[in-house]
Amino acid sequence: MSIYVYIFTMALTTYLVRMLPLTLFRKPIKSPFIRSFLHYVPYACLAAMTFPAILTGTGNILSGAAALIVAVALALKGKSLLIVSLGSSAAVLLTDFLLKAIF
C-alpha cells in the first residue's frame, strides 16, 4: 500500500475522533457524573502512558519503583516539579549504585 493511503486513513481517523463529539453532543452536558468523568480522562490517560515508562525506563524495575515512590512522596508534600524530578533522579542513581555494589 502507498504511504499516502496510510496518511489519509490516519488523518480521517483523527478528524472523526475530534469532530464526532462536536456534532453528536450539541447541548451542554448537565450530568455531574459525566462531567466529572470527562474532567479526569486526561489525567487518567497521562498516568496510563507514563506509569509503565517510569518503571521500565531505567532498565531496572527496582530503581524505577524507587524513583516512583520518591516522586509520589515529594509531590504529596507539595514540593516543586524541579525538586520532585531531582529527587526521583537521585533515587534512580542511588538505587542503581547500591544494586551494582550488592550484585
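That block above? That's the structure.
Residues numbered from 1 in each chain as written. Predicted model: local features only at pLDDT ≥ 70, side-chain atom pairs only at ≥ 80, totals over all residues. Heavy atoms only, no water.

Draft legend 1. Inspection of the overall build of the chain at higher detail. Per the secondary structure count, the chain includes four helices and zero strands. Element order for the chain, N to C, with α for helix and β for strand: α-α-α-α. Its C-alpha radius of gyration of 21 Å places the chain more than 25% over the 13 Å reference for a compact globule of 103 residues. When its C-alpha atoms are laid out on the principal axes, the chain stretches across 60 × 45 × 20 Å. Here the chain, with 103 residues, has 14% of them falling under the buried criterion. When the accessible surface of the chain is summed, it comes to about 8,700 Å², and 77% of that surface belongs to carbon and sulfur atoms. (Helix = DSSP H or I, 4+ residues; strand = E, 2+ residues; numbered from the N terminus. Rg over C-alpha atoms; globule rule 2.2 N^0.38 Å. Buried < 20%, exposed > 50% of the residue type's maximum accessible area, 1.4 Å probe, protein only. Areas by Shrake-Rupley, 256 points an atom, 1.4 Å probe, with all protein chains shown as cover.)

Draft legend 2. Expanded view of the environment of isoleucine 61. Topologically, isoleucine 61 is positioned in helix H3 (residues 61-76). Sequence separation between isoleucine 61 and leucine 12 is 49 residues, and the spatial gap between their C-alpha atoms is 39 Å.

Draft legend 3. Fine view of the environment of threonine 23. Relative to the assigned elements, threonine 23 resides in helix H1 (residues 3-24). Residues threonine 23 and leucine 12, spaced eleven residues apart in sequence, show a C-alpha to C-alpha distance of 16 Å.

Draft legend 4. Summary view of the side chain of serine 63. Looking at the secondary structure, you find serine 63 in helix H3. Overall, serine 63 belongs to the buried group, its relative accessible area being 0%. At 3.0 Å, the side chain of serine 63 forms a polar contact with the backbone oxygen of asparagine 60. Those residues within four positions of serine 63 in sequence are excluded, and the remaining contacts are Thr58, Val92, Thr95 and Asp96. (Polar contact = N/O pair within 3.5 Å; in protein donor to acceptor, adjacent residues only side chain to side chain. Contact = heavy atoms within 4.5 Å.)

Draft legend 5. Representation of H1 within the structure. Over its 22 residues, H1 runs 31 Å from end to end, which matches the ideal 32 Å to within 8%, given 1.5 Å per residue. In H1, a bend of some 25 degrees at arginine 18 exceeds every other bend along the element, and proline 21, a proline, comes one to four places later. (Expected span 1.5 Å × (residues − 1). Bend = angle between axes of the 7 residues up to and from the residue.)

In short, shape yes, function no, at least from these values alone.
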